[in-house]
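Examining the three-dimensional arrangement
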2 protein chains.
Amino acid sequence: MTTTDLLPALRAALGADYVLAAPADMAGYAEDWRKRYRGVPRAVALPGTTEQVAAVVRLCRDAGVAIVPQGGNTGLVGGATPDASGTQIVLALKRMRRVRSIDVADRVLVAEAGCVLAEAQRAARAAGLLLPLSLAAEGSATIGGVLSTNAGGTAVLRYGSARALCLGLEAVTAQGEIWRGLSTLRKDNTGYDLRDLLIGAEGTLGIITAASLMLYPQPAARRTAWVALADVAAAVALLNRARDALDADLTGFELISSACLRLVARHFPALHAPLPIDAAPWFVLLELSDSEDDAHAQARLETVLGAALEAGAALDCAVAASLAQAEAMWAIREHIPLAQASEGLNIKHDIAVPVSHMATFVADTATRLTQMMPQARLVIFGHLGDGNLHYNIQAPVQADADAFRAQHEHACNALLHDAAVRVGGSFSAEHGVGLLKTAELIHYKDPVALQMMRAVKRALDPQGLMNPGKVLPAAS
Amino acid sequence: MTTTDLLPALRAALGADYVLAAPADMAGYAEDWRKRYRGVPRAVALPGTTEQVAAVVRLCRDAGVAIVPQGGNTGLVGGATPDASGTQIVLALKRMRRVRSIDVADRVLVAEAGCVLAEAQRAARAAGLLLPLSLAAEGSATIGGVLSTNAGGTAVLRYGSARALCLGLEAVTAQGEIWRGLSTLRKDNTGYDLRDLLIGAEGTLGIITAASLMLYPQPAARRTAWVALADVAAAVALLNRARDALDADLTGFELISSACLRLVARHFPALHAPLPIDAAPWFVLLELSDSEDDAHAQARLETVLGAALEAGAALDCAVAASLAQAEAMWAIREHIPLAQASEGLNIKHDIAVPVSHMATFVADTATRLTQMMPQARLVIFGHLGDGNLHYNIQAPVQADADAFRAQHEHACNALLHDAAVRVGGSFSAEHGVGLLKTAELIHYKDPVALQMMRAVKRALDPQGLMNPGKVLPAAS
């Protein structure tokens, strides 16, 4: 197989309609949604079945051509964008979008890689069950993508990241073979954990084509509250209080700075914060899920919040009185990244820090960043319950966002990532490494871990054709 | 390094007291606790630090000598027993038994590999927290062992297997290097999931020397009940009813056949079953953990059990009225394997089956086994909530247990494992593969998965010196 034979061979395998090669047809696949990375694919292959995915991989392998798998293209680290060489094939999974099965008795859903997360959630809900993975991009993100990045989101506190929900995988190896591993078992100790190896590997070890996912009972009742807090330490104290009292029923605990709310108010004026934005520098969106009923949920929430208010640990709070009010609270949280995007590219971080260090971490880094860039806006929010902050830095009002980013990104990253790693934290909590953070991986990761990772990569993808350059840069 | 230099070199590295070479000293390390496997080690090395583990690995590597890591030696598949060659070094982790730290604010415990599980549980409890991994061997099993086998136990339903509790690892690679990966973060997406690759690898990819484990709040109240049921289908129906009503607060759901109880009554007459053994063919031990208080726990349990009794779905039930009564119920459950052992070796199975198939699986296989061996005793119990049964077969009363096992083991395994795999089940739910089930792994595992496993093994242990012959038999 020569590289000139590849496109005709792909067309023969998939049908001519499912191999795109014209630049206009490929535009949507060549760039990530933040428009940070733009590549030039040789072609975009759109297989409709697992067998076709395997055929594409075998043809590319024979031609020595690299493959970039792509799901909903909602990643934040450039993991699904081809390079500029004009040689790579984007393998888009979007045609493989079926929910293959839902088993209510065993509480398992099997979906194809290209199935949009929200569709899988809807299918579970229609069966009376809950697929708890929930994130802002769920209307476009796909099952293959959320697993390949081990996505997190707002319900990790209770249900874990994507990895924790996955019982089995079907995947195509770098050799173009199909691993049929769609177990639905809660327990299956039969050899090495290939499932978790492919999860989070961002398509560099093989291509996930389908997954079996654990479902949970739908809660009988949910209550959502919006709490005003004097500082991050108070938010951490409220988290500990809520975890002690609610245990597994605490299903959301999002920290939001007032700066985030001001951005949302500017760009989405129809979204009204439940408490005055200037009432406090920090807010928490807290969600309780209850297996009994509304009254019980309400009583438990009131107990926790009442005690916090009485102790002076919270400044004020609002409890959603209806589903609509609860959804409005979540809408504010979910519009923060969109409000930010309206002001141009920002310097994003996806930091994890042990919760016990969170308050001093935020205070110290905010002071240092403000000294460094007095007018910059810190837009800090995230999943405090998981110790995960999106600690973003927006150009000063009226400033050129791109120029600001170009000038400050490296120093901001170094400051925040150093500070996080120094207290046992991480430079990537839930977004992954992709192209954006390969230098951080090399710099911060334990060198023995890096050696092991390289050995695994060579073992499973000896030709280096699976999403090359992502996660692990080419070995020196 | 020649193999004759190895022992002096080990003594120089560890101190002469910590390298055992006399057969009498090595006896306890040469045999598994069930006395199914017996090997002949060249020596037993007892390192006291991670650096010493690394030194032992490097010395063995230089000498081309294989290493068999051993924790509490409570495994059920021979994974920690040396072979008969007289050449292998047993690397016993028992001197590395410290709880290195407990962080109450971040709810993390860091323990060394040789720390006994019960000691780690106690340390967590003393800090007001819960380490939920719980299994019959917890008084001897070690953290390194429960992770290397991804052990399960009685609380998996709520908290997951050992893997689900592990946040980070420290490990020594086959090259004798130390991977320092003791993260305490809930979220850390920075490259391939080496942690989960080593967990469950039974020491064949490296040696776990320490782990950080997630802790949970201690429940405010617990309630334990003993329920009599007409058949397995009724037990599954009760499970579904309890999961819907209790969600995460259902922390135990153990199925026990009346045959198990008769064995316990014979060998441990001081243990009294809460309901007459002949009242039903099946019993369930159900545990509820509550984050509120005793009264709330009691009310919820009564609601679930009351509805089941009223619907005729349960025959009878007893709720423990005190902690002592609850512990007595669990003691019966935990004495089943001991009662079995008192009658000689039995044919053990550790089967997983989707819960929806459980009733027909048990009925069909019991009929066929009884046709095949009319006098054999089926001793069936296990973690029904996880779809995991210990489906053991005991020789007829008065028969020679060893002769029975030798005659029937292969046919019993084939019958039960075929039947389990046919409905999407597994031949090893929580015990692992070790030496006992390598043939099953080759027979039942997806061939592409086996290829990937072999590639990973070659990549991380190219000399094949890490616990050779376990999990994956030598490649043909």
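Residues numbered from 1 in each chain as written. Chains lettered and ligands numbered in written order. Predicted model: local features only at pLDDT ≥ 70, side-chain atom pairs only at ≥ 80, totals over all residues. Heavy atoms only, no water.

Structural notes on helix H9 (residues 232-246) of chain A
Residue pairs three or four apart in sequence face the same way in an α-helix, which turns once every 3.6 residues. End to end, H9(A) covers 20 Å across 15 residues, agreeing with the expected 21 Å (1.5 Å per residue, within 8%). All of the buried residues in H9(A) are A:Val232, A:Ala234, A:Ala235, A:Val236, A:Leu238, A:Leu239, A:Ala242, A:Arg243 and A:Leu246. Residues of H9(A) that are buried sit in contact with strand S12 (221-229), strand S13 (250-257), strand S14 (282-290), helix H11 (294-310) and helix H14 (358-372) of chain A together with strand S11 (216-217) of chain B. (Helix = DSSP H or I, 4+ residues; strand = E, 2+ residues; numbered from the N terminus. Expected span 1.5 Å × (residues − 1). Buried < 20%, exposed > 50% of the residue type's maximum accessible area, 1.4 Å probe, protein only. Contact = heavy atoms within 4.5 Å.)

A closer look at the relation of the copies chain B and chain A
Placing chain B over chain A gives an RMSD of 0.0 Å and needs a rotation angle of 180°, together with 0.0 Å of translation along the axis. Taken together, the rotation and translation relating the two chain copies correspond to the operation of a two-fold axis. A shared interface surface links the copies, since 100% of the contact residues of chain B are contact residues in chain A too. (Least-squares fit on C-alpha atoms with pLDDT ≥ 70 in both.)

Side note on the environment of A:Thr190
Here A:Thr190 is to be found in the loop between strand S9 (178-181) and helix H8 (194-198). Dropping the residues within four chain positions of it, A:Thr190 is found in contact with B:Ser426, B:Phe427, B:Ser428, B:Val433, B:Leu441, B:Lys445 and B:Met453. A polar atom in the side chain of A:Thr190 sits 3.1 Å from the side chain of A:Asp188. (Polar contact = N/O pair within 3.5 Å; in protein donor to acceptor, adjacent residues only side chain to side chain.)

Considerations on the UniProt feature "domain: FAD-binding PCMH-type" (unreviewed entry) in chain A
According to UniProt, the feature "domain: FAD-binding PCMH-type" (unreviewed entry) maps to residues 37-218 of chain A in the numbering used here. In the segment residues 37-218 of chain A, helix accounts for 24% and strand for 24%; the C-alpha atoms at its two ends are 39 Å apart. (UniProt positions renumbered as here; feature names shortened; annotations may be inferred.)

Points about the packing of helix H9 (residues 232-246) of chain B against helix H11 (residues 294-310) of chain B
All names here are of chain B. Packing of H9 against H11 leaves a shortest axis separation of 10 Å and a crossing angle of 145°. Helix-helix and strand crossings are classified by hand; for H9 and H11 the assignment is right-handed. For the pair H9 and H11, the contacting residues are Leu238, Arg241, Ala242, Ala245 and Leu246 in the first and Arg300, Val304, Ala307 and Ala308 in the second. Residues that form the contact of H9 with H11 fall into these classes: seven nonpolar, no polar and two charged. (Axes fitted to C-alpha atoms, helices over the stretch in contact; angles between N-to-C directions. Left-handed = near helix turned anticlockwise from the far one by under 90°. Nonpolar A, V, L, I, M, F, W, Y, C, P; charged D, E, K, R; others polar.)

Notes on the sheet that holds strand S6 (residues 108-112) of chain A
Residue and element names in this part refer to chain A. Read from one edge of the open sheet, five strands run S5-S6-S10-S8-S9, paired in antiparallel fashion. Both edges of this open sheet fall to strand S5 (99-103) and S9, since each of them pairs with a single strand only. Between one strand and the next, the sheet's axes are offset by a mean angle of 15°, whatever the strand orientation. One ladder, built from four bridges, connects S5 with S6; its direction is antiparallel. Considered in S6, the bridge of Ile102 is made with Leu109. In the packing of helix H4 (residues 117-126) onto the sheet, contacts are made with S5 and S6, and the angle to S5 comes to roughly 30°. (Pairing = 2+ DSSP bridges.)

Regarding the interface of chain B and chain A
Residue-level contacts link 80 residues of chain B with 80 residues of chain A. The junction of chain B with chain A conceals about 6,400 Å² of combined surface from both sides, 54% of it contributed by carbon and sulfur atoms. The tally of links from chain B across to chain A stands at 12 salt bridges. Of the charged contacts, one joins A:Arg300 and B:Glu292 as a salt bridge, the two residues approaching to 3.2 Å between their closest N and O atoms. Counting the contacts that link chain B with chain A gives 42 residue pairs in polar contact (both at pLDDT 80 or more). For the side of chain B that touches chain A, the elements supplying multiple residues, two or more each, are helix H6 (156-159), strand S9 (178-181), helix H8 (194-198), H9, H11 and helix H17 (447-460) of chain B. Among the elements that make up the side of chain B that touches chain A, the one with the highest residue count is H17(B) (10 residues). Its residues placed into classes, the side of chain B that touches chain A shows 33 nonpolar, 25 polar and 22 charged. (Buried area = accessible area lost by both parts, 1.4 Å probe. Salt bridge = Lys/Arg side-chain N within 4 Å of Asp/Glu carboxyl O.)

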